[in-house]
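Each chain is listed here by its residues.
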Amino acid sequence: MSQVLVASNRGPVSFSLSDDGALSMRRGGGGLVSGLAGVAAETDVLWVCAALGDADRTAAGQAPDNRLERAGHDTGGASVRMLDIPEATFHRAYNAVANSTLWFVHHLLYDTPRSPHFDARARRDWQSYEAYNAAFADALALDAAPGAKAAIQDYHLSLAPRMLRDRRPDLKIAHFSHTPWAPPEYYRLLPDDIGEQVLRGILGADHAGFLTERWASAFLDCCERLLPDARVDRAARTVASSGRVTRIGVHGLGVDGAALRERAARPDVAERAEALRAQVGDRQLIVRIDRTELSKNIVRGLAAYRELLLNHPEWRGRVVHLAFAYPSRTDLPEYRDYTAAVRRAAQQITDEFGTPDWDPLILQVKDDYPRSLAAYGLADVLVVNPIRDGMNLVAKEGPILSGRGCALVLSREAGAAAELADNALVVNPYDVSQTAEALHRALLMPSREREERRARLVAAATALPPQRWFADQLAALG
Ligand code: G6P
């Protein structure tokens, strides 16, 4: 049996501790988890991830060799090794470097007159990021069978491919970026040596994957401009440097439509759908579902809804906006401030337009997956307006579950626009007035046109299910 190793910050399972000290395990539902399901039967899979918090650390500590299935946990066929990275190292690597620096660079999130500000402290944070990546490389090097394939995920682990290659030149290594990639002018905000190290880290892989052409070509632009010795061949999509060649691949990620429909058919979703319908009556529904994430542009989205109600008063009393925001990255002050700004924007709309028998907006800052699935089913309009997004699966899931045709208002800066733009109402995410007009057009769209567009959106959204996405990356390793 061949062996595949997967490495990512967040693993396929996580633990929580109840008040009486008992551990309970929860399986994650991301694309990667579904992707692996397709290869798990004929492959020996080891997933290396970080322990995220005390409950994970306890579970990992109790498992022989830190491997959870050996402790009797049902991890769905994969072996899972959680790395117990010292808390301070983890905090600096994950919060300070991965989420506050690399994420900000790739999503163009800096308020540049004030940040970034790379000082001695940032150097210390960077050393922790190196140590965190080295911990993954060590674990993978230790566990990999000769010639095994290693699939390393995302910006948390951009140095690990090179580090692993240095330790185990016999392995076949892939890296995949789930984020956008910054254009060179913006990427150069990073200190020169750090920017170079990140590029060379990824080039340690045999295959570097991206979600769209646009992000892959931004990566090639950065290599060309910032690595003097690199030879970029755009036609062949390769980068040669340090005597090796890395192939660059584009692998769009879509949705497993059957699995999503099956999940949405369960009673917890029906219950929530009924409650939502009772709450909003027969009014049209504009839905958005995001993490409370700066790049998701929730505040401008709410401002667009406000402008819709101002400019088109005929919608007052006839439409409700459901905004579901999953709490996210609450260790970072920027995220806490952003969540507060989202709440203020929502309150302003309620105060300005609400009447005794009409609540114009329902904002929920809560992680409730079945409720989100219920909202997809009821939506007349789905808004996805990120500043920048690697792909955005909400834009793909919504049409699949929509029971009402669901018009999609979509940012041109979401990776998903590459596949969905033809059948969406495409907006510039910074243009609030244009977004408001797109909402107006979406609400007016005749049901036949909505349904026709929805059918084409579903075809595009399900064309590359996670199983295929993951299998293609493995195949690209040869
Ligand atoms: C993005 C990243 C993923 C990450 C997810 C949630 O989609 O590409 O790697 O798992 O955000 O991030 P978090 O660290 O907040 O769970």
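Residues numbered from 1 in each chain as written. Predicted model: local features only at pLDDT ≥ 70, side-chain atom pairs only at ≥ 80, totals over all residues. Heavy atoms only, no water.

A. Quick look at the site of the ligand. Lining the immediate environment of the ligand, one finds Arg10, Tyr94, Trp103, Asp154, Tyr155, His156, His178, Arg291, Ser328 and Arg329. In this structure, an oxygen atom belonging to the ligand sits 2.5 Å away from a side-chain N or O atom of Asp154. Between an oxygen atom of the ligand and a side-chain N or O atom of Arg329, the distance comes to 3.0 Å. Here the ligand, which alone exposes 380 Å², has 73% of that area covered by the protein. Residues belonging to the shell around the ligand are distributed by class as follows: three nonpolar, three polar and four charged. Each of domain 1 (2–253 + 467–475) and domain 2 (257–461) accounts for three or more of the residues forming the shell around the ligand. (Near = heavy atom within 4 Å. Polar contact = N/O pair within 3.5 Å; in protein donor to acceptor, adjacent residues only side chain to side chain. Areas by Shrake-Rupley, 256 points an atom, 1.4 Å probe, with all protein chains shown as cover. Nonpolar A, V, L, I, M, F, W, Y, C, P; charged D, E, K, R; others polar. Domains from an automatic or database assignment.)

B. View of helix α16 (residues 432–444). With 13 residues, α16 should cover 18 Å at 1.5 Å per step; its first-to-last C-alpha distance of 19 Å lies within 8% of that length. Residues of α16 that are buried: Val432, Thr435, Ala436, Ala438, Leu439, His440, Ala442 and Leu443. For α16, the N-terminal capping position is held by Asp431, with its side-chain oxygen 3.3 Å away from the main-chain nitrogen of Ser433. (Helix = DSSP H or I, 4+ residues; strand = E, 2+ residues; numbered from the N terminus. Expected span 1.5 Å × (residues − 1). Buried < 20%, exposed > 50% of the residue type's maximum accessible area, 1.4 Å probe, protein only.)

C. Fine view of the packing of helix α4 (residues 120–143) against helix α5 (residues 160–167). Two elements in contact, α4 and α5, have axes separated by 9 Å at closest approach and are oriented at 45 degrees. Here α4 lies oblique to α5, going by the angle between them. Crossing of α4 against α5: the hand is right-handed. Residues Glu130, Asn133, Ala134, Ala137, Asp138, Leu140 and Ala141 of α4 form the contact with α5, whose own contacting residues are Ala160, Met163, Leu164 and Arg167. Looking at the contact of α4 with α5 residue by residue, the classes come out as seven nonpolar, one polar and three charged. (Axes fitted to C-alpha atoms, helices over the stretch in contact; angles between N-to-C directions. Parallel < 35°, antiparallel > 145°, perpendicular 65-115°, else oblique. Left-handed = near helix turned anticlockwise from the far one by under 90°. Contact = heavy atoms within 4.5 Å.)

D. Main features of the domain arrangement of the protein. Here the protein is partitioned into domain 1 (2–253 + 467–475) and domain 2 (257–461). The centre of domain 1, based on its C-alpha atoms, is set 30 Å off from the matching centre of domain 2. Listed per partner, the contact involves 24 residues of domain 1 and 22 residues of domain 2. Roughly 1,600 Å² is buried in total at the junction of domain 1 and domain 2, and carbon and sulfur atoms are behind 56% of that figure. A salt bridge links Glu413 to Arg214, with the shortest nitrogen-to-oxygen separation between them at 2.7 Å. Scanning the region where domain 1 abuts domain 2 turns up eight residue pairs in polar contact (both at pLDDT 80 or more). Listing elements by their share of the side of domain 1 that touches domain 2, those giving two or more residues are α3 (87–106) and α8 (213–226). At seven residues, the largest contribution of residues to the side of domain 1 that touches domain 2 is made by α3. Of the residues that constitute the side of domain 1 that touches domain 2, the class distribution is 13 nonpolar, nine polar and two charged. (Buried area = accessible area lost by both parts, 1.4 Å probe. Salt bridge = Lys/Arg side-chain N within 4 Å of Asp/Glu carboxyl O.)

E. Just the packing of aromatic side chains, in detail. Enumeration over the complete set of coordinates arrives at twelve aromatic pairs. Seen in terms of ring centroids, Phe90 and Tyr94 are 5.1 Å apart; in terms of plane orientation they differ by 20 degrees. Their pairing is stacked. Of this pair, Phe90 and Tyr94 both sit in helix α3, four residues apart, roughly one helical turn. Phe90 gets classed as buried once you look at its relative accessible area, which sits at 11%. (Phe/Tyr/Trp six-rings, centres within 6.5 Å; stacked < 30°, edge-to-face > 60°.)

F. Focus on the nonpolar core. Formed by 165 residues in total, the largest nonpolar core has its most connected members in Trp181, Tyr305 and Phe470. The residues touching Trp181, leaving out its near neighbours within four places in the chain, are His106, Tyr187, Val198, Leu199, Ile202, Phe210, Trp215, Ala218, Phe219, Cys222 and Arg388. (Core = buried A, V, L, I, M, F, W, Y, C linked by side-chain atoms within 4.5 Å.)

G. Representation of the sheet that holds strand β13 (residues 319–326) within the structure. With parallel pairing, the six strands of this open sheet are ordered in space as β14-β13-β12-β15-β16-β17. The open sheet terminates on both sides in strands that have one partner only, identified here as β14 (361–365) and β17 (425–427). Across the sheet, the axes of successive neighbouring strands diverge by a mean angle of 15 degrees, strand direction being ignored. Sheet topology places β13 next to β14; five bridges connect them, and they run parallel. In the strand pairing of β14, His321 is matched with Leu361. Contacting β12 (284–291), β13, β14 and β15 (381–384), helix α13 (residues 369–378) crosses the sheet at an angle of about 150 degrees to β13. (Pairing = 2+ DSSP bridges.)

H. Molecular detail of the environment of Asp389. Among the secondary structure elements, Asp389 is positioned in the loop between β15 and α14 (394–401). The class of Asp389 is buried, set by a relative accessible area of 8%. When the C-alpha atoms of Asp389 and Ala460 are compared, they prove to be 18 Å apart, with 71 residues separating the residues in sequence. Among all residues touching Asp389, those that are not within four sequence positions of it are His107, Pro180, Trp215, Lys296, Glu413, Ala414 and Gly415.

I. Region of the structure containing the sheet that holds strand β6 (residues 149–153). Ordered by their spatial adjacency, nine strands build an open sheet running β5-β4-β1-β6-β7-β8-β11-β10-β9, and the pairing between neighbours is mixed. Each of the sheet's edge strands pairs with one partner strand only, and the pair in question is β5 (79–83) and β9 (231–233). Each adjacent strand pair in this sheet contributes to an overall mean axis angle of 20 degrees, direction not counted. Bridging between strand β4 (residues 43–50) and β5 involves five bridges; their strand directions are parallel. Its bridge partner being in β5, Leu46 is matched across the sheet by Ser79. Most of the contacts of α4 go to β4, to which it runs at about 155 degrees, and overall it touches β1 (2–7), β4, β5 and β6. Lying on the sheet, α8 is in contact with β8 (207–210), β9, β10 (238–241) and β11 (244–250); it crosses β11 at an angle near 155 degrees.

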